[in-house]
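So the chains spell out like this:
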Amino acid sequence: MTRILLMFLCQIFALPLFANQPTEWALYFQEPATPLMVRLREFHDYLLVISFFIAAFVFLMMFIIIYKFREKKHPVPATFSHNTPLEIVWTTIPVIILIFIAVPSFKITYMMDHIPKSEMTVKVIGHQWYWTYEYPENKIVYDSYMIKDADLKPQDLRLLSVDRPLVVPVDTVIEVLATSTDVIHSFAVPSFGIKRDCIPGKLNQTWMKVFKEGTYYGQCSELCGSGHGFMPISVKVVSKEDFKKWIEDNKNKKG
Ligand SMILES: [Cu+2]
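Details of the domain arrangement of the protein chain
- We note that the domain assignment places domain 1 (35–113) and domain 2 (120–250) within the protein chain.
- Measuring from the centre of the C-alpha atoms in domain 1 to the corresponding centre in domain 2 gives 40 Å.
- Contacts between domain 1 and domain 2 engage four residues on the former and four residues on the latter.
- For the side of domain 1 that touches domain 2, the per-class residue count stands at four nonpolar, no polar and no charged.

Shown next as structure tokens:
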């Protein structure tokens, strides 16, 4: 019990420290780093409030009915089966609630699908079991492998750190093209609110605009074989100047 309480406290206080990666006992989302994820989190909270009130109302009604119409107090059951005004009410109110859910939901779906004018493109290619990152405008291609347990350095995260992360600039609209060469993988970074299937022979699109520098972690999110848990995604978000420098250093370098 003490251990659970301690872990819970650690979770609360450690949240700002470990914002961009999974944490033990986490119950909520990772800190958002893109406008899309901010919206997704707000929508989640909004839905949670609506669901709470619906659940509270249903439970309240149920308990009232169980109490009020119990056999002892109400030995002869009612025999009517229709009540038109009541049926109109219990159809209209849910419809109105659904409209309040559907409108913001469609807005976010559109935001996810509609890529703003992109400033650069990265292509992510899933393999069994590693990622290849490609910058078509600068002819940079390289593979990204997970760091094995035996090679971990103190600052590395087990099952999340990679030898070469995906490097992208901050505050830039980046178009992400996702595909695969073998089976279906999925490129997912929780802090960015993106998850796109990488399907062999197909090119899927998504986008991101990260507003905070740092390293963000994700994992392949489509079961792709025995190495599925060992192909993490690590995205290093750097300033625009640092990114230019990185491009210059890596241009035309193969591997
Ligand atoms: Cu996978």
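Some thoughts on the pairing of strand β6 (residues 185–189)
- Burial runs high along β6: four of the five residues are buried.
- Examined bridge by bridge, β6 and strand β7 (residues 194–198) share five bridges and lie antiparallel to one another. Directly across from Ser 186, in β7, lies its bridge partner Asp 197.
- Connecting the antiparallel pair β6 and β7 is a turn made up of four residues, with Gly 193 showing a positive phi of about 70 degrees.

Some thoughts on the sheet that holds strand β10 (residues 232–238)
- Spatial ordering of the open sheet is given by β4-β10-β9, a layout of three strands whose pairing is mixed. Every interior strand has two partners, whereas the edge strands, β4 (166–169) and β9 (214–219), have only one. Strand-to-strand twist in this sheet, taken as the mean axis angle between neighbours without regard to direction, amounts to 25 degrees.
- Sheet topology note: the β4/β10 ladder contains four bridges and is parallel. Bridge pairing in β10 links Leu 166 to Val 235.
- Across the face of the sheet, helix α4 (residues 240–250) comes into contact with β4 and β10 while running at roughly 135 degrees to β4.

Structural notes on the sheet that holds strand β2 (residues 130–135)
- Taken in spatial order, the five strands of this open sheet run β3-β2-β1-β5-β8, and their pairing is mixed. Both edges of this open sheet fall to β3 (140–144) and β8 (204–208), since each of them pairs with a single strand only. With direction set aside, neighbouring strand axes in the sheet form an average angle of 25 degrees.
- Two elements, strand β1 (residues 120–127) and strand β5 (residues 174–180), share seven bridges in a ladder whose sense is parallel. Note on β5: the bridge partner recorded for Val 122 is Val 176.

Focus on the nonpolar core
- One finds Val 122, Val 124, Val 168, Val 176 and Phe 192 to be the most contacted residues of the largest nonpolar core, which totals 33 residues.
- Beyond its immediate stretch of four places on either side in the chain, Val 124 contacts Trp 131, Tyr 133, Val 176, Ala 178, Phe 187 and Cys 198.

Conventions used here
- Residues numbered from 1 in each chain as written.
- Predicted model: local features only at pLDDT ≥ 70, side-chain atom pairs only at ≥ 80, totals over all residues.
- Domains from an automatic or database assignment.
- Contact = placed C-beta atoms within 7 Å.
- Nonpolar A, V, L, I, M, F, W, Y, C, P; charged D, E, K, R; others polar.
- Buried ≥ 20, exposed ≤ 12 C-beta atoms within 10 Å, placed from the backbone.
- Helix = DSSP H or I, 4+ residues; strand = E, 2+ residues; numbered from the N terminus.
- Pairing = 2+ DSSP bridges.
- Axes fitted to C-alpha atoms, helices over the stretch in contact; angles between N-to-C directions.
- Core = buried A, V, L, I, M, F, W, Y, C linked by C-beta atoms within 7 Å.

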